[in-house]
Amino acid sequence: MFPYKHYDAGLIEDVVDEVVSGDDPETENYPCEGTINHWKWWMKMNEQNIEGRIRSSAHRFLDFGDGFLKSMGSLLEELKKRISPGWLKAAARFIYNSGGRLEPYPQTA
């Protein structure tokens, strides 16, 4: 989804955060409702994966302790609060630069 996307990460982020919808007049040249629904589905399916990858990378590369891995707070939610707009780009950069990747079509449980 990220490396070869056709749409700006800012637009994807706005759709996922429900700042922009297909009904907005500003989005008439943007993706169809199916694409918007796919992005929302993708984020829902990948939230735990993104959270785990960020947590694991911070533990490995930033030498955060074991207590950090077991903490209950969501790093993704914290990222959304601290870097908005831009949290999606920051999360993707962190994951891909640490050697991880996210599946465009994650498996359902």
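Everything numeric here is computed off the predicted structure, so don't read it as measured data.

## A word on the pattern of salt bridges
Point 1. For the coordinates displayed, the defined rule picks out 5 salt bridges.
Point 2. A salt bridge links Glu51 to Arg55, with the shortest nitrogen-to-oxygen separation between them at 2.7 Å. One end of the pair, Glu51, and the other, Arg55, are both in helix 2 (residues 33-61), 4 residues apart, so they sit about a helical turn from each other. Here Glu51 and Arg55 have matching classes, each one buried.
Point 3. Put simply, Glu77 and Lys80 hold a salt bridge, and the shortest N to O gap is 3.6 Å. On the criterion of helical spacing, the pair formed by Glu77 and Lys80 is a turn pair, its members being 3 residues apart in helix 4 (residues 75-82).
Point 4. Linked through salt bridges whose partners overlap, the residues forming this network are Glu78, Lys81 and Arg82.

## A closer look at a nonpolar patch on the surface
Point 1. A cluster of nonpolar side chains, contributed by Phe61, Leu62 and Phe64, occupies part of the molecular surface with about 300 Å² of accessible area.
Point 2. Inspection of the secondary structure puts Leu62 in the loop between helix 2 and helix 3 (66-70).
Point 3. Residue Leu62 is classed as partly exposed on the basis of its relative accessible area of 47%.

## Remarks on the environment of Lys40
Point 1. When you line up the elements, Lys40 lands in helix 2.
Point 2. As a C-alpha pair, Lys40 and Ile12 span 28 residues in sequence and 8.9 Å in three-dimensional space.
Point 3. Apart from the residues within four sequence positions on either side, Lys40 is in contact with Val15 and Glu18.

## Details of the packing of helix 2 against helix 5 (residues 87-97)
Point 1. Viewed as axis vectors pointing N to C, helix 2 and helix 5 meet at an angle of 55 degrees, and their least axial separation amounts to 10 Å. With respect to their mutual orientation, helix 2 and helix 5 come out oblique. Crossing angle aside, the handedness with which helix 2 passes helix 5 is left-handed. Across the interface between the two elements, Met43, Ile50, Arg53, Ile54, Ser57 and Ala58 from helix 2 touch Trp87, Ala91, Phe94 and Ile95 from helix 5.
Point 2. Its residues placed into classes, the contact of helix 2 with helix 5 shows 8 nonpolar, 1 polar and 1 charged.

So, how was this worked out
Residues numbered from 1 in each chain as written. Predicted model: local features only at pLDDT ≥ 70, side-chain atom pairs only at ≥ 80, totals over all residues. Heavy atoms only, no water. Salt bridge = Lys/Arg side-chain N within 4 Å of Asp/Glu carboxyl O. Helix = DSSP H or I, 4+ residues; strand = E, 2+ residues; numbered from the N terminus. Buried < 20%, exposed > 50% of the residue type's maximum accessible area, 1.4 Å probe, protein only. Patch = residues over 30% accessible without salt bridge, like charges linked within 9 Å, V, L, I, M, F, W, Y side chains within 5 Å. Areas by Shrake-Rupley, 256 points an atom, 1.4 Å probe, with all protein chains shown as cover. Contact = heavy atoms within 4.5 Å. Axes fitted to C-alpha atoms, helices over the stretch in contact; angles between N-to-C directions. Parallel < 35°, antiparallel > 145°, perpendicular 65-115°, else oblique. Left-handed = near helix turned anticlockwise from the far one by under 90°. Nonpolar A, V, L, I, M, F, W, Y, C, P; charged D, E, K, R; others polar.

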